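Structure assessment
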Amino acid sequence: MTDSVLSCAADPMGAAIYDFHKNGKADVLRVFSSQFEEDEIPVADLFREFEDMPELEQVALEMASGKILDVGAGSGCHSMALMEMGKKVKAIDISPLSVLVMKDRGVDASQVNFYDKSYSERFDTVLMLMNGTGIIGRIENIPAFFERLKNLLKPGGCLLMDSSDLRYLFEEEDGSLLIDLADDYYGQLDYQMEYVGAVDKELDGVKGEPFDWLYLDFDSLAFYAEECGFKVELIAEGEHYDYLAKLTINQQ
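Within any chain, residue numbers begin from 1 and follow the written order of that chain's sequence. A pLDDT threshold of at least 70 governs which residues receive local features in this predicted model, and a stricter bar of 80 or more applies before side-chain atom pairs are shown or counted, although totals over entire chains, interfaces and linings include all residues. The side-chain values count all of the structure's non-hydrogen atoms but skip hydrogen atoms and water molecules.

1. Considering the overall build of the protein
Summing up its helical and strand segments, the protein has six helices and twelve strands in all. Only the C-alpha atoms count toward the radius of gyration. The rule for a globule is 2.2 Å times the residue count to the power 0.38. Here the C-alpha atoms of the protein give a radius of gyration of 18 Å, agreeing with the 18 Å that 2.2 N^0.38 yields for 252 residues. Three exposure classes are used, based on accessible area relative to the maximum for each residue type with a 1.4 Å probe and protein chains only: buried under 20%, partly exposed in between, and exposed over 50%. Going through the 252 residues of the protein one by one, you find that 47% of them count as buried. Contacts are assigned to residue pairs that have any heavy atoms within 4.5 Å of one another. Here the analysis covers contacts within the protein between residues at least 6 apart in sequence; of these, 66% occur between residues at least 24 apart. Reported accessibility uses the Shrake-Rupley method at a 1.4 Å probe radius. Residues are deemed covered only where the shown protein chains occlude them. Carbon together with sulfur atoms contributes 48% to the accessible area of the protein, which is approximately 12,600 Å² in total. Here Asp and Glu are counted as negative and Lys and Arg as positive; His is not counted, and neither are the chain ends. For the purpose of locating charges, the reference atoms are NZ of Lys, CZ of Arg, CG of Asp and CD of Glu. Charge centroids of the protein, computed over 21 positive and 49 negative side chains, lie 11 Å from each other. In DSSP terms, a helix is any run of H or I states spanning at least four residues, a strand is any run of E spanning at least two, and both are numbered starting from the N terminus.

2. What about helix α6 (residues 218-227)?
Of all the positions in α6, only F218, S220, L221, A222 and A225 are classed as buried. Against the buried residues of α6 lie α5 (142-152), β7 (153-164), β11 (230-237) and β12 (242-249). Polar contacts, as counted here, are pairs of nitrogen or oxygen atoms within 3.5 Å of one another; within protein the pair requires one atom able to donate a hydrogen and one able to accept it, and residues that are adjacent in sequence qualify only if both atoms are side-chain atoms. For α6, the N-terminal cap is D217; the gap from its side-chain oxygen to the backbone nitrogen of D219 is 3.3 Å. G229, located one to two residues past α6, shows a positive phi value of around 90°.

3. Topic: the nonpolar core
The biggest cluster of nonpolar side chains holds 54 residues, and the ones touching the most others in it are V126, F145, F146, L149 and L247. Here the element with the most residues in this core is α5; it accounts for five residues. One finds L56, C77, L82 and V89 within the second-largest nonpolar core, a separate group that totals 16 residues. In this text, buried Ala, Val, Leu, Ile, Met, Phe, Trp, Tyr and Cys residues form a nonpolar core when linked through side-chain atoms within 4.5 Å.

4. Brief notes about the side chain of D11
Turning to its location among the elements, D11 is positioned in the segment before α1 (12-23). By definition, a salt bridge exists where a carboxyl oxygen of Asp or Glu is found within 4 Å of a side-chain nitrogen of Lys or Arg. At 13 Å, K103 is the nearest oppositely charged side chain to D11, a buried residue that forms no salt bridge. Apart from the residues within four sequence positions on either side, D11 is in contact with L6, S95, P96, L97, S98 and V206.

5. A closer look at the packing of aromatic side chains
Two rings from Phe, Tyr or Trp (for Trp, the six-membered ring) form a pair when their centres sit within 6.5 Å of each other. Planes less than 30 degrees apart are called stacked, planes more than 60 degrees apart edge-to-face, and all others tilted. The tally for this structure, following the rule as stated, stands at eleven aromatic pairs. For the pair Y119 and F123, a centre-to-centre distance of 6.5 Å together with 15° between the ring planes defines the contact as stacked. Note on accessibility: Y119 and F123 belong to one class, buried. Considering the side-chain rings of F145 and F146, the 5.0 Å spacing of their centres and the 75° angle between planes classify their relative orientation as edge-to-face. You'll find F145 and F146 in the same group, each marked buried. Counting every residue linked through ring pairs, the aromatic cluster contains F114, Y115, F145, F146 and F230. Look at NZ for Lys and CZ for Arg. If either is within 6 Å of the ring centre and within 35 degrees of the ring normal, a charge sits over the ring. Its guanidinium or amino end placed over the ring of F123, K67 lies 5.0 Å from that ring's centre, counting from NZ or CZ.

6. Points about the packing of α1 against helix α4 (residues 96-104)
For the pair α1 and α4, interaxial distance at closest approach is 7 Å and the crossing angle is 30°. Comparing the axis directions of α1 and α4 gives the class roughly parallel. Side by side, α1 and α4 meet where G14, A15, I17, Y18 and H21 of the first sit next to L97, S98, L100, V101 and D104 of the second. Axes, fitted as lines to C-alpha atoms, cover a helix only where it is in contact. Angles between the N-to-C directions of the axes lie from 0 to 180 degrees. In what follows, roughly perpendicular refers to angles from 65 to 115 degrees, roughly parallel to angles under 35, roughly antiparallel to angles over 145, and oblique to any angle outside these ranges.

7. A short note on unusual backbone geometry
One non-glycine residue, M130, adopts positive backbone phi at about 60°. Residue position: M130 is located in the loop between β6 (123-128) and α5. Given the relative accessible area of 39%, M130 is considered partly exposed.

8. Considerations on the sheet that holds β6
Strand pairing is defined by DSSP finding a minimum of two bridges between the two strands. In spatial order, the strands read β5-β4-β3-β6-β7-β12-β11; together these seven strands make up an open sheet with mixed pairing. The two strands at the open ends of the sheet, each matched to only one other strand, are β5 (109-111) and β11. Averaged over all adjacent pairs, the angle separating strand axes in this sheet is 20°, with direction ignored. Two strands pair when backbone bridges link them, and β11 and β12 are joined in this way by seven bridges, in the antiparallel orientation. Paired with E233 across the strands is K246, a residue of β12. With respect to the sheet, α5 is in contact with β3 (67-71), β6, β7, β11 and β12, its orientation differing from that of β7 by roughly 135°. Of the strands in this sheet, β7, β11 and β12 are in contact with α6, which crosses β11 at around 160°.

Everything listed here is a matter of coordinates, which is why it stays silent on function.
In structure tokens form, the structure reads like this:
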């Protein structure tokens, strides 16, 4: 876990977002992992409107209130939806190109790492969507994550976060799980991204460094959050092991 930000030369997602914003189209954002086969992220999906968002994201945006922080905001689609609702929102991302795009789209955005303690504003709602638990990276980072969250929330404030339980990837036909209990937690993945085929050739072939990403099932999230002094509420569940949770600091 680090509190650093990216450079343009190591910002493949930002390159894809910038290319799409500037040219109206983008090519392939490739995703690699040592655990799974190569995948792709449709860049146009990162610019979706409210009506095209999954229901869990729509519920989170409707619930968000007061002064809102959109963490890992990407193209700013969630921030823009909040702005259209008349809500006050600030966006942060470690990607310089994403922040450039967000500012061009009228979002109050800054290149800031969530873990950077010098960023000291406090918010009524912290929003982490599109697998918000991913920013934790690894199980052992959970205490540091919640400690940082305490410093960003106003009294009575909340975190709205979504994630998925990846157990379905390990289920047998009889419903049993084929998981090695001696191995790392099954939702703990490593990723690397590369943007290829850019319309803007200066952005073509931008490849990022490997990073850790955590998919955390709700029961595990609740267990760790309560250990760290947070109350957890399951707000909604999706159709495929995904969920939206609300976390508030336990006042007891």
